[in-house]
Amino acid sequence: MSNRANGRSRVSIGVSTGLVFVLAGGLALCGARSARAAVHTRKEISHLTSTEIANYRKGVALMQSRAFNDPTSWIYQANMHGYPTNSAICPVVGTPQPQWSTCQHGSFFFLAWHRMYLYYFERILQAAVRQAIHNPTYVFSLPFWNYEDPAHRQLPAPFRSPADSTNPLWVKQRTTNCNNGSTCISSADASDTVAMGLIPFCSCSGGSCTGCQTGISSDQSFGGGFISAPNHSASVPGELELQPHGVVHNAVGGPVGWMSYFTCAARDPIFWLHHANIDRLWQVWLNKLGGRKNPISNTTWAKQTFTFFDETKHAVTLTGCQIVNMATQLNYQYEGVPVTNVQLCTTGTVAREAALAAPKALAAAAAETRLGSASVSVKVAMSTTVGAHIQALARKPPKPGHLWLAVEGIKVLHPGAVYHVYLNLPAGQKPDPAGPYFLGTIAPFMDEEHGAELTRTFDLSSKVKAMGKGEMQLTFVRERLDAAKAGAAAAAPAGEPDTFLSFSKVTLLER
Ligand code: C2O
């Protein structure tokens, strides 16, 4: 076979006798099964050979040499994610073109849209590699970056070395740690444990809830909240989109790097490896079974079409239904990840989830709080009754999802910061994300211009003993891997904004 993924325009030819057809173009099709292009494998970046890296670089360089209005150029593809109209972070290039700034964030479209985006990007890059190395049958597979593996917490070497413009995979607009080969992603930030433990794909607070769960916060779903129509920057992100996805964006980009901004992120070549990993984690999640399923019966999710460009510069569309099975529908898979537990729209159904009762608020602190570089603490007082109830719960810790804290009204004032949240961190205790007081991370990758307000929840079911009975104290600590002495006393480096996030309320909830 000379050509893999020919996508939906592929001609299926059924042959029952094993005869070999030789087509005009010299393409031999040996029976119906092999008429389907072979499934290729996306590998972890460290498993690529030096020849594969060299070829990859040549393809990227060729895309980078193309004009802004060529849909197969690097800049056109990046601007489809987000287009800066006035940015001090990355330069404005060209004038607006079809499908620029169409990425889907903060909703249940997030995973599907980015899978489609990567699929066509990979086809364009494969065509570019083939052209650059004069090999029309070369199979290129987009690598992924598995930062959750402790061996891969550094930015992959080909992306930082050589650190100059001879390397098309290098950009200088990243945090110092990422570009100098120190720890780029901390283990707390790389973790997908919370996301993998969630069963519902989507949450729903009104509208079409088929296949989605009512009565939960969007980050208590894996893939995000139902919305009725595409939205570049909605406010109901799922857990995977927040962590590790958003956290990794902010960790690589920091306050002034490209990866922290919708409008610049996809210009950084590492963006595509980060998203291949997120796309891989979607299948890893499905493989865990336990009721995990895509919302194929939610017609909004399943039928909404999104437009991209293929390697011949033609506009193409895909729907959720057309991308649920990466192997059979898109001809790729990930190294080490079998494609299981995938239902197709044509053969499966996913029913409406039973509604959950609304959670009960046990305590709350209205607290207009701004987060900068210094640590900030917020106290949530509990009534005597609630305190006694918590003490009783502590004797027999509840199931996950029973009790949680919600930080509400979160606004991104300036992108690129990562905050760690601690519960009842004793005075003088060094904040340690591996220690017992750590609750989780707030680091949304959101468009600051849209001003969407988010809710971030932290499950407390395994932390009841640490809650005390009178008041709880939450401490927000900015993680600064780049700073020599990050932590409570560290001041903002010159040139950094003094506020990154704000939130309006903290609530203790129970179901
Ligand atoms: Cu559309 Cu990681 O972003």
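Residues numbered from 1 in each chain as written. Predicted model: local features only at pLDDT ≥ 70, side-chain atom pairs only at ≥ 80, totals over all residues. Heavy atoms only, no water.

Participant: Just checking my understanding: could you explain the side chain of histidine 114 for this structure?
Facilitator: Relative to the helices and strands, histidine 114 resides in helix H4 (residues 110-133). In this structure histidine 114 comes out as buried when scored by relative accessible area, which is 4%. A distance of 2.8 Å separates a polar side-chain atom of histidine 114 from the backbone oxygen of phenylalanine 110. Not counting residues up to four positions away in its chain, the partners in contact with histidine 114 are His81, Cys103, Gln104, His105, Phe271 and His275. (Helix = DSSP H or I, 4+ residues; strand = E, 2+ residues; numbered from the N terminus. Buried < 20%, exposed > 50% of the residue type's maximum accessible area, 1.4 Å probe, protein only. Polar contact = N/O pair within 3.5 Å; in protein donor to acceptor, adjacent residues only side chain to side chain. Contact = heavy atoms within 4.5 Å.)

Participant: Sorry, what's going on with the sheet that holds strand S5 (residues 213-214) here?
Facilitator: Each strand in a sheet pairs with its neighbour through backbone hydrogen bonds, running either in the same direction (parallel) or in the opposite one (antiparallel). Pairing within the open sheet is parallel, and its three strands lie in the order S5-S4-S6. The sheet is open, and its two edges are formed by S5 and strand S6 (224-225), each paired on a single side. Relative to S6, strand S4 (residues 202-204) is paired through two bridges, and the arrangement is parallel. If you follow cysteine 202 over to S6, its bridge partner there is glycine 224. (Pairing = 2+ DSSP bridges.)

Participant: How should the state of the cysteines be read in this particular structure?
Facilitator: Enumeration according to the criterion identifies five disulfides in this entry. Put simply, cysteine 178 and cysteine 184 are joined by a disulfide, and their sulfur atoms are 2.0 Å apart. Classification of the bridge connecting cysteine 178 and cysteine 184 rests on its S-S torsion, roughly 85°, and on that basis the disulfide is right-handed. Each member of the pair, cysteine 178 as well as cysteine 184, carries the same accessibility label: buried. The partner cysteine of cysteine 202 in its disulfide is cysteine 212, sulfur to sulfur 2.1 Å. Across the S-S bond of cysteine 202 and cysteine 212 the torsion is about -85°, and the bridge reads as left-handed. Taken together, the residues cysteine 202 in strand S4 and cysteine 212 in the loop between S4 and S5 connect sequence positions 10 residues apart. Each member of the pair cysteine 202 and cysteine 212 is classed as buried. If one numbers only the bonded cysteines of the chain, in the order they occur, the disulfide pattern is 1-8, 2-3, 4-7, 5-6, 9-10. In this structure cysteine 103 is not part of a disulfide, and its nearest cysteine sulfur, from cysteine 264, lies 12 Å away. Exposure remark for cysteine 103: the relative accessible area of 0% places this residue in the buried category. (Disulfide = S-S within 2.5 Å.)

Participant: I tried to follow the packing of helix H3 (residues 74-81) against H4 on my own but got confused; where do I start?
Facilitator: A packed helix pair is summarised by two numbers, namely the angle formed by the two axes and the spacing between the axes. At a minimum axis distance of 12 Å, the contact between H3 and H4 shows a crossing angle of 180°. One finds that H3 runs roughly antiparallel with respect to H4. Facing H3, whose interface residues are Trp74, Gln77, Ala78, Met80 and His81, H4 presents Trp113, His114, Tyr117, Phe121 and Ile124. Residues that form the contact of H3 with H4 fall into these classes: seven nonpolar, three polar and no charged. (Axes fitted to C-alpha atoms, helices over the stretch in contact; angles between N-to-C directions. Parallel < 35°, antiparallel > 145°, perpendicular 65-115°, else oblique. Nonpolar A, V, L, I, M, F, W, Y, C, P; charged D, E, K, R; others polar.)

Participant: Which parts of the structure should I look at to understand the packing of aromatic side chains?
Facilitator: Two aromatic rings, taken as a pair, are described by how far apart their centres are and by the angle between their planes. For the structure shown, the criterion picks out 30 aromatic pairs. Arranged with centres 4.9 Å apart and planes meeting at 70°, the rings of tyrosine 119 and tyrosine 120 form a pair that is edge-to-face. Side by side, tyrosine 119 and tyrosine 120 carry an identical accessibility label, which is buried. Note on phenylalanine 222 and tryptophan 285: the rings are 4.2 Å apart at their centroids and 5° apart in plane angle, and the pair reads as stacked. Here phenylalanine 222 is found in the loop between S5 and S6, whereas its partner tryptophan 285 is found in helix H9 (residues 270-287), with 63 residues between them in sequence. (Phe/Tyr/Trp six-rings, centres within 6.5 Å; stacked < 30°, edge-to-face > 60°.)

Participant: Looking at this structure, how should I read the nonpolar core?
Facilitator: As a rule of thumb, soluble globular proteins bury nonpolar side chains together. Counting residues in each nonpolar core, the largest one holds 92 residues, and the members touching the most others are Trp282 and Trp301. Of the residues forming this core, the biggest block, 15 residues, is contributed by H4. Not counting residues up to four positions away in its chain, the partners in contact with tryptophan 282 are Leu111, Ala112, Arg115, Phe201, Phe222, Asn294, Trp301 and Ile323. Counting residues in each nonpolar core, the second largest holds 39 residues, with Leu393, Leu439, Leu474 and Val506 among its members. (Core = buried A, V, L, I, M, F, W, Y, C linked by side-chain atoms within 4.5 Å.)

Participant: Where do I start with the sheet that holds strand S11 (residues 376-381) in this structure?
Facilitator: One open sheet accounts for four strands, arranged S11-S16-S13-S14; its pairing is antiparallel. Every interior strand has two partners, whereas the edge strands, S11 and strand S14 (438-442), have only one. Here the strands of the sheet are splayed against their neighbours by 25° on average, with no regard to which way each runs. Relative to S14, strand S13 (residues 419-423) runs antiparallel, the two sharing four bridges. Along S14, the bridge assignment pairs valine 421 with glycine 440.

Participant: I tried to follow the confidence of the model for the chain on my own but got confused; where do I start?
Facilitator: Low pLDDT means the predicted coordinates in that region are not meant to be read closely. Chain-level pLDDT for the chain is 90 on average; 90% of the residues reach the 70-or-more range. Ignoring residues within four places in sequence, the model shows residues 1-35, a span with pLDDT below 50, making 55 contacts including any to other chains. Low pLDDT (under 50) marks residues 485-489, which in the prediction has seven contacts with non-local residues, meaning those over four places away or in another chain. (pLDDT = per-residue confidence, 0-100.)

Participant: For this particular structure, what's the right way to read the layout of surface pockets?
Facilitator: Its volume calculated, the largest pocket comes out at about 1100 Å³. Lining the largest pocket we find 37 residues, and of these Val194, Leu198, Pro400, Gly401 and Asp459 sit closest to its centre. If you list the elements that add at least two residues to the lining of the largest pocket, you get helix H7 (193-197), helix H8 (239-253), S14 and strand S15 (454-459). Considering only residue class, the lining of the largest pocket consists of 15 nonpolar, 14 polar and eight charged. (1 Å grid on protein atoms, 1.4 Å probe; cavity = no way out; pocket = protein on both sides within 12 Å on 5 of 7 lines; lining within 4 Å. Points joined across faces, edges and corners; volume = space filled by probe spheres on them.)

Participant: In this structure, what is going on with the pairing of strand S12 (residues 403-412)? I would like to understand it.
Facilitator: Two faces belong to every sheet, and in a regular strand the side chains alternate between them. Along S12, eight of the 10 residues are buried, which leaves the element largely enclosed by surrounding structure. In this structure, S12 lies alongside strand S17 (residues 501-510), joined through eight bridges in antiparallel fashion. Bridge pairing in S17 links leucine 403 to glutamate 510. Two strands pair when backbone bridges link them, and S12 and S15 are joined in this way by five bridges, in the antiparallel orientation. Opposite alanine 406, over in S15, you have threonine 457 as the bridge partner.

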